[in-house]
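Below are the chains, spelled out letter by letter.
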Amino acid sequence: DSCKEIRDLLLHDKKFEFNPKDGIDNPALSLAEDTGSLQGPAHRLCLHTDGEDMGEPRFYLLNKGSAETFGFCLHEELGCQGHIIRQVELGGLAQRRGLQDGDRLLQVNGQFVDHMDHRRVVQKIKASGNQVLLAVLDSKSYEAAKALGKDLSQMLPADIRPRLCHIMQDKSGFGFSVSCPEGTKGIFQLSVQQDGPADRAGVLPGSWLLELNGNSVRSYSHTQLTRKLKQSGSKVTLLVASSAVEEFYRLRGLRVIAALADTSWLPFKVRELHMVKGPAGYGFLLKEDDCSSGAIGQFLWDVDAGLPAEQAGMREGDRLLAVNGESIEGLDHQQTVLRIRARDDQVTLLVIDPASDEFYQSIGLSPLLFLEDSDPA
């Protein structure tokens, strides 16, 4: 069998942030990169389907620590359909949470992935960083649904993603107002001016405000929120959720996080550049430098006029994110160069411009997490 593994996963216990809407602390889960021991209560959630004997998708919000992994591998196998959960560590957290050998992965962070290239699904989980929401279906139900020609995406809720919206102030302001029940903290509902900046940025009327500029508002009073908005200057980034989306997570004891967001309305996009090498090469230089976050990045400079790199849309200062569909996160300069040279005469790069890169680093999320939302050219 041909299998592609993502890395073992383990979880540790931690508390979810206080939810002012239901007044309880919710149990949280976590996601990490290395092996380790596991603790924590099982967190298994189901969604009903129409099939009489059809199993139900199960949801797991995983939150990792820096020295932990998930305790399972993700495989692609000859003769089998789907992205398959394998090598579930005996007695490990993944097993104790309810993940089972043979489960098929249907959603990552609210995005349907059954139809996606396996490498892209692996990349999406890795790019999610410390938190990821998975929806899985048991193997028998998956195979039965496929045999019946069922649309597996219909077994899952249509829209469970909050929205990440970046609003640029105009002469009338941001185009939204905030209401808060008297004497409470962290419960903010938005009224949105039609055709105003917030409306154009994708904020739905009646949305609940969850984060402001990458920070949770759960502890803010109305006065504190107003002050934070004024300190934002002429632009502000909001994580918002409709009442239906907020209820979906609240009823399941799951915290809404930015990694789950739909970023379709953001002006910050990842770009895909496909280049065929010419007689003079691709026409750019790759340099290693520090990112604004302090991490090391690979940047594109000295783009020669008229050569393939410029013709493909490369701009000086772009940061390289992936080569031929594979993330270069964690690779050094020489390893990245070897990836670019792996194919003699052509290469496909995913890049991001400095302003967009700065935005994603400011909210602590990888732009690769939202690649489908970016709709790269």
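As recorded in an unreviewed UniProt entry, the protein chain goes by Na(+)/H(+) exchange regulatory cofactor NHE-RF4 and comes from Mesitornis unicolor.

K.L.:
Go over the overall build of the protein chain, please, and point to the residues and values.
P.N.:
Within the protein chain, the secondary structure is distributed over 10 helices and 21 strands. Here the protein chain, with 377 residues, has 52% of them falling under the buried criterion. Summed over its atoms, the accessible surface of the protein chain is roughly 17,500 Å², and 47% of this surface lies on carbon and sulfur atoms.

K.L.:
Help me get a handle on the pairing of strand E16 (residues 271–276), residues and values and all.
P.N.:
Side chains Arg271, Leu273 and Met275 project from E16 onto a buried face, and the interleaved Glu272, His274 and Val276 project onto a face without burial. Here E16 runs beside strand E21 (residues 346–352); their pairing, made up of 6 bridges, is antiparallel. Paired with Met275 across the bridge in E21 is Val347.

K.L.:
Go over the pattern of salt bridges, please, and point to the residues and values.
P.N.:
All told, the structure shown has 12 salt bridges when counted by the stated rule. The residue Arg119 makes a salt bridge to Glu326 at a minimum N-O spacing of 3.0 Å. Taken together, the residues Arg119 in helix H2 (residues 118–127) and Glu326 in strand E20 (residues 326–327) connect sequence positions 207 residues apart. Note on Arg119: relative accessible area 33%, which makes it partly exposed. What makes Glu326 partly exposed here is its relative accessible area of 32%. Taking the shortest distance from any N to any O, the salt bridge between Glu246 and Arg250 comes out at 3.1 Å. Within this pair, Glu246 and its partner Arg250 are both found in helix H6 (residues 243–251), separated by 4 residues, close to a single helical turn.

K.L.:
Summarise the packing of aromatic side chains; cite the residues concerned and give the values.
P.N.:
This structure, assessed with the given rule, holds 7 aromatic pairs. With a centroid separation of 5.2 Å and an interplanar angle of 85°, the aromatic rings of Phe248 and Tyr249 are classed as edge-to-face. Relative accessible area serves as the criterion here: at 9%, Phe248 is assigned to the buried category. Here Phe268 and Phe359 contribute two aromatic rings whose centre-to-centre distance is 4.3 Å and whose plane-to-plane angle is 20°, an arrangement assigned as stacked. One end of the pair, Phe268, is in the loop between H6 and E16; the other, Phe359, is in helix H9 (residues 354–362), and 91 residues separate them in sequence. Overall, the relative accessible area of 6% leaves Phe359 in the buried class. Cluster of aromatic residues (ring-pair linked, three or more members): Phe268, Phe359, Tyr360 and Phe370.

K.L.:
Can you break down the nonpolar core residue by residue, with the values?
P.N.:
Ranked by size, the top nonpolar core spans 43 residues in total, and within it Leu152, Leu164, Tyr249, Leu350, Phe359, Tyr360 and Leu365 carry the most contacts. Counting only elements with at least two residues in this core, the list comes to strand E4 (58–63), strand E9 (131–137), helix H3 (139–147), strand E15 (235–241), H6, strand E19 (319–323), E21 and H9. Counting 20 residues, the second largest nonpolar core, distinct from the first, contains Cys165, Val178, Val203 and Val236.

K.L.:
Lay out unusual backbone geometry in plain terms, naming residues and giving numbers.
P.N.:
Within the chain, Asp195 stands out as a residue other than glycine whose phi angle is a positive 65°. With respect to the helices and strands, Asp195 occurs in the loop between strand E12 (189–192) and helix H4 (197–200). If you check the backbone angles, Asn213 has positive phi at about 55° while not being a glycine. By relative accessible area, Asn213 is classed as partly exposed at 31%.

K.L.:
Tell me about the side chain of Ser366, and name the residues and values.
P.N.:
Assignment of secondary structure puts Ser366 in the loop between H9 and helix H10 (371–374). Here Leu368 takes part through its backbone nitrogen, which lies 3.1 Å from a polar atom of the side chain of Ser366.

K.L.:
Describe in detail the confidence of the model for the protein chain, supporting the description with residues and values.
P.N.:
A residue-level look at the protein chain finds 85% of positions with pLDDT of 70 or above and a mean pLDDT of 83. Per-residue pLDDT stays below 50 along residues 1–51; that stretch engages in 202 contacts with residues further than four places along the chain or on separate chains.

K.L.:
Which residues make up a negative patch on the surface, and what values go with them?
P.N.:
On the surface, Glu288, Asp289, Asp290 and Asp332 cluster together to form a negatively charged patch. With respect to the element layout, Glu288 can be found in strand E17 (residues 285–290). A residue is classified by how much of its surface remains accessible, and Glu288, at 42% relative accessible area, is partly exposed.

K.L.:
An account of the environment of Gly175 is needed here, citing residue identities and associated values.
P.N.:
Along the polypeptide, Gly175 turns up in the loop between strand E10 (163–168) and strand E11 (176–179). When its relative accessible area of 7% is taken as the criterion, Gly175 is described as buried. In this structure the C-alpha to C-alpha distance between Gly175 and Asp195, which are 20 residues apart in sequence, comes to 8.3 Å. Discounting chain neighbours no more than four positions away, the residues touching Gly175 are Ser191, Val192, Gln193, Pro197 and Ala198.

K.L.:
So what about the side chain of Arg319? Which residues, and what values?
P.N.:
Along the polypeptide, Arg319 turns up in strand E19. Not counting chain neighbours up to four residues away, the residues in contact with Arg319 comprise Cys291, Gly297, Gln298, Phe299, Leu350, Val351, Ile352, Asp357 and Gln361.

So, how was this worked out
Residues numbered from 1 in each chain as written. Predicted model: local features only at pLDDT ≥ 70, side-chain atom pairs only at ≥ 80, totals over all residues. Heavy atoms only, no water. Helix = DSSP H or I, 4+ residues; strand = E, 2+ residues; numbered from the N terminus. Buried < 20%, exposed > 50% of the residue type's maximum accessible area, 1.4 Å probe, protein only. Areas by Shrake-Rupley, 256 points an atom, 1.4 Å probe, with all protein chains shown as cover. Pairing = 2+ DSSP bridges. Salt bridge = Lys/Arg side-chain N within 4 Å of Asp/Glu carboxyl O. Phe/Tyr/Trp six-rings, centres within 6.5 Å; stacked < 30°, edge-to-face > 60°. Core = buried A, V, L, I, M, F, W, Y, C linked by side-chain atoms within 4.5 Å. Polar contact = N/O pair within 3.5 Å; in protein donor to acceptor, adjacent residues only side chain to side chain. pLDDT = per-residue confidence, 0-100. Contact = heavy atoms within 4.5 Å. Patch = residues over 30% accessible without salt bridge, like charges linked within 9 Å, V, L, I, M, F, W, Y side chains within 5 Å. Lys, Arg positive; Asp, Glu negative; His and termini not counted. Charge placed at Lys NZ, Arg CZ, Asp CG, Glu CD.

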